[in-house]
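Spelled out, the chains give:
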Amino acid sequence: MTRRAQARLGILLTIPVLALVVVFFVFPMISALYFSVVDFDGIDPSPEFVGLANFIEMFTDPETWHALSNNVIWIIVGTAAPMIIGLLISVLIWTTRRGAGIYRLAFFLPFVLPGVAIGIVWTWIYDPVSGWLNRALEAVGLDGLVRGWLGDPDLALYAVLATAIWAYSGFVIIIFLSALRNVDVELVDASRIDGANALQRLWFILLPQIMPVFLMVLTLTLVGGFSVFDIIFIMTGGGPADATNVLGTYSYTQAFQLSRIGYGTTLALLITVLSIPFAVAINRLQRRLALQDTGA
Amino acid sequence: MFSRTPWRPLAALVAAGALFLTGCTGGAPGADQSQAPQETSGPQQIRYMIGQPEDPADLELIKSDIKKFETANAGITVKLDVIPSENVRTVLQTQLRSGEGPDVFGYDTGPGFAGALAQAGLVYDLTKAYEENDWPIYDFAKQRVTFDGKLVGVPSQIEEVGVFYNKDIFTELSIAQPQSVADLKAAMEKIKGSDVIPMVVSDKEGWQGGHLMSISLSSAVGSKTMDQLINGEKSWDSPEVVEALKVWQDFQQSGYLNPSPTAVTYDNGNALFYSGKAAMNPTGSWLALDIERNVKFDVGFIPFPAPNGPGIFSGGLGSGTFVNATTKHADAAIKFLDYGMTEEHGKWAVEKLQDIPAYPVDTAGIEASPLFKQILDDSAKIADGTGDFGYNVDVLTPDAFNNAMWKGMQGLLTDQTTPEKVAAQLQAAYEKSKK
């Protein structure tokens, strides 16, 4: 086969993937860029071109920065907590022989539930009138902690975050458990004989061996933190008074409730622009570690 | 090394295709309803979307009414689609914009609701249907569903917003009907000491804040000033508005309301009133039937008091029925609307659902509780324009204003903002939406 023929075959073989990339990535991206420079209300087929007005408004809009700061909180707490909880529980289950299957099922179950259902159920749990959380606190004498969890602007975001952590940790546990199956047990035993304590074994023996998987889960969680929407939308709608607004809910409100699709799209673009560098950076780190492992 | 040349035309093709596709985007469905192809032959099914009624019994009544329509109109079936009331706004807008919306739907009237849909071209122009069917809707009600000279809906509910109160608790504590805000505060102080929540305020969903502001403002400034505010002749950041907003923050800070109003849903707030755990419930007349079904005590309905007087109700039009701009069954949908416009149907709605239609219905002989009788009498005054009523603001103001009002009230109830700031935001939102 000539080089030209090889090239043609190569192009031919990449066309299906290329088509998918164009339809599901390039086209939506160009479409979003188009909407971000027009004042589109959702109906006018020839919306007015406004140049960078939507971008200027976005950067001068205090609510953008407030929503972004909530995203940052979500990313930090919502990434760190499930990663730590997931790692600790998966290591505990890994060393457990009896009932490991039951633990796996119990921890993974929340992850397979639809986000909307989780949001609704936890809204009931947090409800100050009929929710069992406040009732449980009262029952154990912690009346001072009773409050309207989702109505308190200082607490609402963390209350929703707690729900998200509960729901997501199961996924982290299962993935880490799968990774732990490939860990060299002899190394762990050797380190134990050498006197390494549990924390040292976790840090120096286990974690390096599952690092590629750890970084993969970290990437998914981080990027998910930028695009978080459903659980906040269901539980608080971004309220009270925007207290739990993140870029996703703010973008939705602007685009679909206030018919400002141009501005809403601009906010959505910000989410994309912010999340891509994180994903790329962690992906590169993952590759570098993989290369180190192969001695390259 | 492979030649890079073959990629260039391909890349150009991809870019050109993407740009072409981009050029094709931009129109939500419904811009021109004449484009919607009609299916007129054979059996037709229309999808009718409504918010979940407060009481499941109402849903059964609506279902039986639909069956009656289907029997009278062979070949048309109605698929009832019931969604949680708090989701109607978002679900409906999303479905309509995607071109997959219901054929007929119940929604609130006014510029912030139906007006926003009309502006986006998502609702069917019913002007011709009005002429052809001679629907006897009150003129004031027609105005609420008229946008850019087009009648886009059928108003179906006259309502007033005020304060329901537990008469038994008032009697027990020897409290008379408040004749001013000072009276109301004194009453709440007394109730507070009896381990009952003086006034339940639910504002988790946010829209209730519009009603709270409407009733305190309408009573404080009167109907004429409300007209001026709505019409832009008076500024929303005027001291009267600030004072009316301040009332709610004051109530919250004084402990007259339930803890965390912004965490309490409308249904749960009502439940506190039904169970006797709260003495007063500021909401609209649409709740009267549910109150009668759920409480074991006498209930009164009063206007929110003015600073120096008993105050006035915020009255007007609530919801209506609309047709999707892209429906393929416009004739069937209009027949369905026409069915709800008869005198017989009006009486049925009043008697069974306590819905007060926006067209003349002879209510003589209708069995009504004293509470509903009062609401019926008031509604007649709203219809013929003889009573003094304020406004339920969110029915008359655009989306951006309502958004500012709802968030502002949540902010006040959680001490995140001040009445002055909220008033300024209201004025800014009003000016912006007028541009």
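Residues numbered from 1 in each chain as written. Chains lettered and ligands numbered in written order. Predicted model: local features only at pLDDT ≥ 70, side-chain atom pairs only at ≥ 80, totals over all residues. Heavy atoms only, no water.

A. Representation of helix α3 (residues 62–94) of chain A in the model. Given a rise of 1.5 Å per residue, 33 residues ought to cover 48 Å, and the 47 Å separating the end C-alpha atoms of α3(A) matches this to within 8%. Measuring from the backbone nitrogen of A:Glu63 back to the side-chain oxygen at the start of α3(A) gives 2.9 Å, which picks out A:Asp61 as the cap. (Helix = DSSP H or I, 4+ residues; strand = E, 2+ residues; numbered from the N terminus. Expected span 1.5 Å × (residues − 1). Polar contact = N/O pair within 3.5 Å; in protein donor to acceptor, adjacent residues only side chain to side chain.)

B. The arrangement of empty space enclosed by the protein in detail. Residue and element names in this part refer to chain B. As enumerated under the stated definition, the model contains 5 cavities of 30 Å³ or more in all. Residue lining of the largest cavity: Val200, Val201, Ser202, Gln208, His211, Leu212, Tyr266, Asn281, Pro282 and Thr283, and that is the complete set. At the level of secondary structure, the elements contributing two or more residues to the lining of the largest cavity comprise α9 (208–230) and β9 (278–284). Residues that form the lining of the largest cavity fall into these classes: 5 nonpolar, 5 polar and no charged. In this structure, the second largest cavity is lined by Arg144, Glu159, Gly315, Gly316, Leu317, Tyr391, Asn392, Val395 and Leu396. Ranked by the residues each element gives to the lining of the second largest cavity, the list is headed by strand β11 (residues 314–317), at 3 residues. Among the residues making up the lining of the second largest cavity, the classes are represented as 4 nonpolar, 3 polar and 2 charged. (1 Å grid on protein atoms, 1.4 Å probe; cavity = no way out; pocket = protein on both sides within 12 Å on 5 of 7 lines; lining within 4 Å. Points joined across faces, edges and corners; volume = space filled by probe spheres on them. Nonpolar A, V, L, I, M, F, W, Y, C, P; charged D, E, K, R; others polar.)

C. Examining the pattern of salt bridges more closely. Residues and elements named next belong to chain B. Taken as a whole and assessed by the stated rule, the structure comprises 14 salt bridges over all chains. Note that Glu240 is salt-bridged to Lys234, the shortest N-O span being 3.1 Å. By relative accessible area, Lys234 is classed as partly exposed at 23%. Across the pair Glu243 and Lys246 runs a salt bridge, and its minimum N-O distance is 3.6 Å. (Salt bridge = Lys/Arg side-chain N within 4 Å of Asp/Glu carboxyl O. Buried < 20%, exposed > 50% of the residue type's maximum accessible area, 1.4 Å probe, protein only.)

D. Representation of the pairing of strand β3 (residues 104–108) of chain B within the structure. Residue and element names in this part refer to chain B. With 4 of 5 residues buried, β3 lies mostly within the body of the structure. Pairing between strand β1 (residues 44–51) and β3: 2 bridges, direction parallel. Across the sheet, residue Met49 finds its bridge partner in β3, namely Phe105. Note that β3 and strand β12 (residues 319–323) share 5 bridges and pair antiparallel. Note on β12: the bridge partner recorded for Phe105 is Phe322. (Pairing = 2+ DSSP bridges.)

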